[in-house]
Amino acid sequence: MAEAASVLTTSESSVEDGLATAEAADDPLAPRPGPLTRPLPRILAIANQKGGVGKTTTAVNLGAALAELGYRVLVVDLDPQGNATTGLGINPRTLEASIYDVLMHDTPLEDCIEPTSLRNLFAVPATIDLAGAEIELVPAFSRELKLRRALETVAEDFDYTLIDCPPSLGLITVNGLAAATEVVVPIQCEYYALEGLGQLLRNVSLVQGNLNPKLEVSAIILTMFDARTKLAEQVASEVRAHFGEKVCRNIVPRTVRLSEAPSFGQPIVVFDPTSRGAIAYRELAKEVSGGAPQRVG
C-alpha cells in the first residue's frame, strides 16, 4: 500500500487540476453540489486499469439511479466481456449491431442504441467481437477518436453518457477517454486498492495533453466497502487523504444482492430497490448530479 501511495504522491499535481470544493448548503434538505457537479449534458468514462473494482457495477447502477431521477442516460459498453450489456438485460446474441460495428464499420451509433427495462435508461451493447478491435484499430484512420465522433451525433439526446471502459489502457480505453469530458475512477476498499492508479492518472494526462484537453479526473468512488474490516476504513482514509473532495461522500458497500443483480439482467434499483446497494447508488446519483435540473426539450 505504501509503494502505491508513493506513486500517487508524484501524480497529485495532475489529479488536482479542476478540483471543485463542494461546500455544504445552509439548508440540509437542499441538493448539495458534489465533486461531480457540472452542466448537462455530461460524458463520463468509468475507468480503472485494475479489474474487479466495480467499474461495470458502477456504470450500470449509477446509470439506472440517474435514470430513476428523471435524467436520460446512455450506458456505452466498451468491455469485450459485455457485462454491462447483460447486466442491463440485453442478449448480445440477438443484436443486429453493437459498439464493435460503430468503431470498426462506422455504423451510426443511433442504430445500436437499445432500450432497457428502466424508463430513461438506454445502452449501446458490446459483444465478444470487440475483443479483436484492439488489434483491428491499429491501422485505422483517427483510431483514437472513433467513439468521440460517433457520440457527437447523439450526445445532446442524453443528459448523461456513461462509458464502461475495459480493465486495460489500450486503444479501446483511449477511445473512451478521448470521448469523455470526465473520468470517474472506482476504487475497491481492499488491499492493493491503489495499485496501478498512478499509471492510470498519467495516461489520463497524456490523453488530456494530446487528444482531449477538456478531460479531467472528476471523482473517485469507493466500492466494495466492508464495514466489518479495519482495512476498508484504512483504504478509505488513505484515498480521501490523497484526493480530498474528489472522493464521493457516498460509499458503495459490499453486498450479496449487488453481486446477484447482474445474473438477473437488472440494475440493483430494479432487482432489490430497498437494499443497501440500491440506496448507495441512489445517493451517489444525487451526489453526481448535484441536483442539476433536467433539460427541457
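Look above for the structure.
Residues numbered from 1 in each chain as written. Predicted model: local features only at pLDDT ≥ 70, side-chain atom pairs only at ≥ 80, totals over all residues. Heavy atoms only, no water.

## What about unusual backbone geometry?
Put simply, Leu40 and Pro41 share a cis peptide bond, and its omega is -5 degrees. Assignment of secondary structure puts Pro41 in the loop between helix H1 (2-16) and strand E1 (42-46). If you check the backbone angles, Asn120 has positive phi at about 75 degrees while not being a glycine. Its place among the elements puts Asn120 in the loop between strand E3 (114-115) and strand E4 (121-124). Here Met224, not a glycine, exhibits a phi torsion of approximately 55 degrees, which is positive. Summarising the element assignment, Met224 is placed in the loop between strand E7 (216-223) and helix H9 (230-243). With a relative accessible area of 21%, Met224 lands in the partly exposed category. (Helix = DSSP H or I, 4+ residues; strand = E, 2+ residues; numbered from the N terminus. Buried < 20%, exposed > 50% of the residue type's maximum accessible area, 1.4 Å probe, protein only.)

## A look at the packing of helix H2 (residues 55-68) against helix H12 (residues 276-289)
Interaxial distance between H2 and H12 falls to 8 Å at its minimum, and their mutual angle equals 75 degrees. Comparing the axis directions of H2 and H12 gives the class roughly perpendicular. Where H2 abuts H12, its residues Thr57, Thr58, Asn61, Leu62, Ala65, Leu66 and Glu68 lie against Tyr281, Arg282, Leu284, Ala285, Val288 and Ser289. Taken together, the residues of the contact of H2 with H12 sort by class into 7 nonpolar, 4 polar and 2 charged. (Axes fitted to C-alpha atoms, helices over the stretch in contact; angles between N-to-C directions. Parallel < 35°, antiparallel > 145°, perpendicular 65-115°, else oblique. Contact = heavy atoms within 4.5 Å. Nonpolar A, V, L, I, M, F, W, Y, C, P; charged D, E, K, R; others polar.)

## Describing the pattern of salt bridges
Counting across every chain of the model gives 10 salt bridges. Between Arg143 and Glu144 there is a salt bridge whose closest N-O contact spans 3.3 Å. Classification of Arg143 by relative accessible area gives partly exposed; the value is 28%. Between Glu190 and Arg254 there is a salt bridge; the shortest N-O distance is 1.9 Å. Of the two residues, Glu190 is situated in the loop between strand E6 (182-188) and helix H8 (197-210) and Arg254 in the loop between H9 and helix H10 (256-260); the sequence distance between them amounts to 64 residues. For Glu190, a relative accessible area of 27% gives the class partly exposed. Look at Arg254 and you get partly exposed, because its relative accessible area is 41%. When salt bridges that share partners are traced, they join Arg257, Glu260 and Asp272 into one network. (Salt bridge = Lys/Arg side-chain N within 4 Å of Asp/Glu carboxyl O.)

## Considering the layout of surface pockets
The volume enclosed by the largest pocket comes to roughly 360 Å³. Around the largest pocket sit 23 residues that line it, and Gly54, Lys55, Thr56, Thr57 and Asn83 are the ones nearest its centre. Contributing elements (two or more residues each) for the lining of the largest pocket: H2 and helix H3 (83-87). It is H2 that provides the largest number of residues to the lining of the largest pocket, a total of 5 residues. Among the residues making up the lining of the largest pocket, the classes are represented as 9 nonpolar, 11 polar and 3 charged. If you add up the space inside the second largest pocket, you get close to 290 Å³. Along its surface, the second largest pocket is lined by 14 residues, and Ile43, Ala179, Ala180, Thr181 and Lys214 are the ones closest to its centre. Those elements that provide at least two residues to the lining of the second largest pocket are E1, helix H6 (146-152) and helix H7 (171-179). (1 Å grid on protein atoms, 1.4 Å probe; cavity = no way out; pocket = protein on both sides within 12 Å on 5 of 7 lines; lining within 4 Å. Points joined across faces, edges and corners; volume = space filled by probe spheres on them.)

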